[in-house]
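# Coordinate analysis (summary)
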Amino acid sequence: MAIRNIVKDNDPILKKKCREVESIDDKIITLLDDMRDTLSVSNGVGLAAPQVGILRRVILVDTGDEILELINPVIVKQSGHQDSLEGCLSVPGIRGHVDRPKKVTVQGYDREGNLMEYKAQDFVATIFCHETDHLDGILFTDKATGIGKEK
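Residues numbered from 1 in each chain as written. Predicted model: local features only at pLDDT ≥ 70, side-chain atom pairs only at ≥ 80, totals over all residues. Heavy atoms only, no water.

## Points about the sheet that holds strand S2 (residues 58-62)
An order of S1-S2-S3-S6-S7 is seen for the five strands of this open sheet, with the pairing classed as antiparallel. Of all strands in the sheet, those bounded by a partner on one side alone are strand S1 (46-48) and strand S7 (115-121). Strand-to-strand, the axes of this sheet are offset by a mean angle of 35 degrees, without reference to chain direction. Relative to S7, strand S6 (residues 103-109) runs antiparallel, the two sharing seven bridges. Following the sheet pairing, Lys103 is matched in S7 by Gln121. Running over the sheet, helix H1 (residues 26-42) touches S1, S2 and strand S3 (67-79) and is turned about 35 degrees from S2. Across the face of the sheet, helix H2 (residues 122-135) comes into contact with S1, S2, S3, S6 and S7 while running at roughly 160 degrees to S2. (Pairing = 2+ DSSP bridges. Helix = DSSP H or I, 4+ residues; strand = E, 2+ residues; numbered from the N terminus. Axes fitted to C-alpha atoms, helices over the stretch in contact; angles between N-to-C directions. Contact = heavy atoms within 4.5 Å.)

## Some words on the pattern of salt bridges
Where charged atoms of side chains with opposite charge meet at close range, the side chains can pair. The full count for this structure, using the stated rule, is twelve salt bridges. Here Asp122 ties to Lys102 by a salt bridge, and the two come within 2.4 Å at their closest N and O atoms. You can see Asp122 sitting in helix H2 and its partner Lys102 sitting in the loop between strand S5 (91-100) and S6, a full 20 residues away along the chain. You can call Lys102 partly exposed: its relative accessible area is 36%. Salt bridges sharing common partners tie together Asp33, Arg36, Glu69 and Arg111. (Salt bridge = Lys/Arg side-chain N within 4 Å of Asp/Glu carboxyl O. Buried < 20%, exposed > 50% of the residue type's maximum accessible area, 1.4 Å probe, protein only.)

## Describing the environment of Ala144
In this structure, Ala144 sits in the loop between H2 and strand S8 (145-149). Judged by its relative accessible area of 15%, Ala144 falls in the buried class. Through-space distance from the C-alpha of Ala144 to that of Asp83 is 9.9 Å; in sequence the pair is 61 residues apart.

## Thoughts on the packing of aromatic side chains
Taken as a whole and judged by the stated rule, the model has one aromatic pair. Centre to centre, the rings of Tyr118 and Phe128 are 6.4 Å apart; their planes meet at 25 degrees, and the pair counts as stacked. Taken together, the residues span a long stretch of sequence, with Tyr118 in strand S7 and Phe128 in helix H2 at a distance of ten residues. Side by side, Tyr118 and Phe128 carry an identical accessibility label, which is buried. (Phe/Tyr/Trp six-rings, centres within 6.5 Å; stacked < 30°, edge-to-face > 60°.)

Right, here's the structure in full:
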């Protein structure tokens, strides 16, 4: 396990669409472990593989109670609206307001290859949306209004 460098917003990798994970092998397990270590020292609440330079559909979401690992995550249901004040480890020092769903249902695979489903609302729903956007080359700043320096 290792702490990886977090890619910053001027890196073109953050604008690329990630490829699906076709098989969960040792490389993917190492990626998950490294992302967990990186997230734990970064003071973030989520992390997507392109943020550590890997164009694969893998995210981590810190719910406050546990860190969820999802491979090939898909938001299958969403409802409501909320104004989310967001920041990003790849865009340090910047915040902005993003219109996000209030509730989401997300499906993806865990490290053992089991299909998992998570229902989230409020802040955790925002994290799922923010991290899955990264997998499609979308930064929160692409959607945000009222962008400004972090106070």
